Structures are given as structure tokens and as C-alpha cells.
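Architecture at a glance
The primary structure of each chain is shown beneath.
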Amino acid sequence: MVGSTVSPPWTYTLQLPQDPRAPGVARATLRNVLRVHGMPELTEIAELLASELVTNAYLYSSGPYSLRLRDAGRSRIRLSVWDTDPHIPAPFRWGAHTPEELAERGRGLYLVTLYAECWGAYPMRGGLPGQGGKLLWAECAAKTEETPPYGARWTRPTA
């Protein structure tokens, strides 16, 4: 009789400092996590999503931030970034507009909404000082014949 191995769900959290090298460290960590968990097909899209979320946290928050990688089942991953800035940026705010073609800012997170299967934002309130802020998240999955094109489904962000 051949035994089967059940892989339990996993979560990794990477604490990142206000350092210009931190987004690169986050991308390298993500690539390794996907490789060791047998999801290399997610690397390109997950790296884009994580890069935009982490870079946004680095640029617009003044304190530390973190990247969380979570197995969401069926060759799917959820990436979330917490930072200390409570402002939920466009396009994660409900009713935000598409950035102008020549806009110098705002296009990175717009890419997240185009390439993620679903995405959203949560304001974080209360707790100890420095524990507020926000959480931005996005999910991606391995492409299958049933998977709609990226950006076809989205989750209404919390205002």
C-alpha cells in the first residue's frame, strides 16, 4: 500500500525594515518559498504582485512593514503587506479611478488589480502604538482552463 503525503497549509511572514534593499529581499524570499513548495509556475505573477505591494509600503510608510505569504490551496497563494500608514491608496479604495497614462505615481498598485485574481485592503485600528496602519492583499493562482484572465475577478476593497 502506497501512503500519501498531505501537505499542511503554510504561512510565512517576513518583517522588513525601511531600507531600499528590502523589496529585493522580499522578492528573493518569495521565489524560494514558491520553489520549495512546488509552485514555480506562480513565480512571475506573484513576484510582480509582491514587488508592487512591498515597494508601496517602503515608499509611503515611515516604519517597518511585513510581507505575508500564505498557501491559499489549489496552487494558489495570498500575498499581503502590512504597513504603518493608515491611508488606503487608489486603486484599493472603492471608487478610485484608473491612473492617467502619463501619471508618475499610482500605476504600480493598479497593476496589482489587473494581474491579481482578487485583491483588497483592510484598515488596521487599535492595539499598541505602531500596530495600526493597513493591510493590502492580493491572490494569484496557477493558470488552468477554468481560470479567468487575470483581473477578471476582484474583491471590493474596504474604505
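Residues numbered from 1 in each chain as written. Predicted model: local features only at pLDDT ≥ 70, side-chain atom pairs only at ≥ 80, totals over all residues. Heavy atoms only, no water.

Our next topic: the environment of A26. Along the chain, the position of A26 falls in helix α1 (residues 22–36). Taking relative accessible area as the criterion, A26 reaches 1% and is therefore assigned buried. Distance in space between the C-alpha atoms of A26 and L14 is 7.4 Å, their sequence separation being 12 residues. Beyond its immediate sequence surroundings of up to four residues, A26 is in contact with L14, L16, V54 and L67. (Helix = DSSP H or I, 4+ residues; strand = E, 2+ residues; numbered from the N terminus. Buried < 20%, exposed > 50% of the residue type's maximum accessible area, 1.4 Å probe, protein only. Contact = heavy atoms within 4.5 Å.)

A positive phi is found at R74, a non-glycine position, where the angle reads about 50°. Mapped onto the fold, R74 is located in the loop between β2 (65–71) and β3 (76–83). On the basis of relative accessibility, which here comes to 84%, the residue R74 falls in the exposed class.

Below, the discussion takes up the side chain of E47. Structurally, E47 can be placed in helix α2 (residues 43–60). With relative accessibility at 19%, the residue E47 sits in the buried group. Those residues in contact with E47, other than ones at most four positions away along the chain, are R27, L30, R31 and L42.

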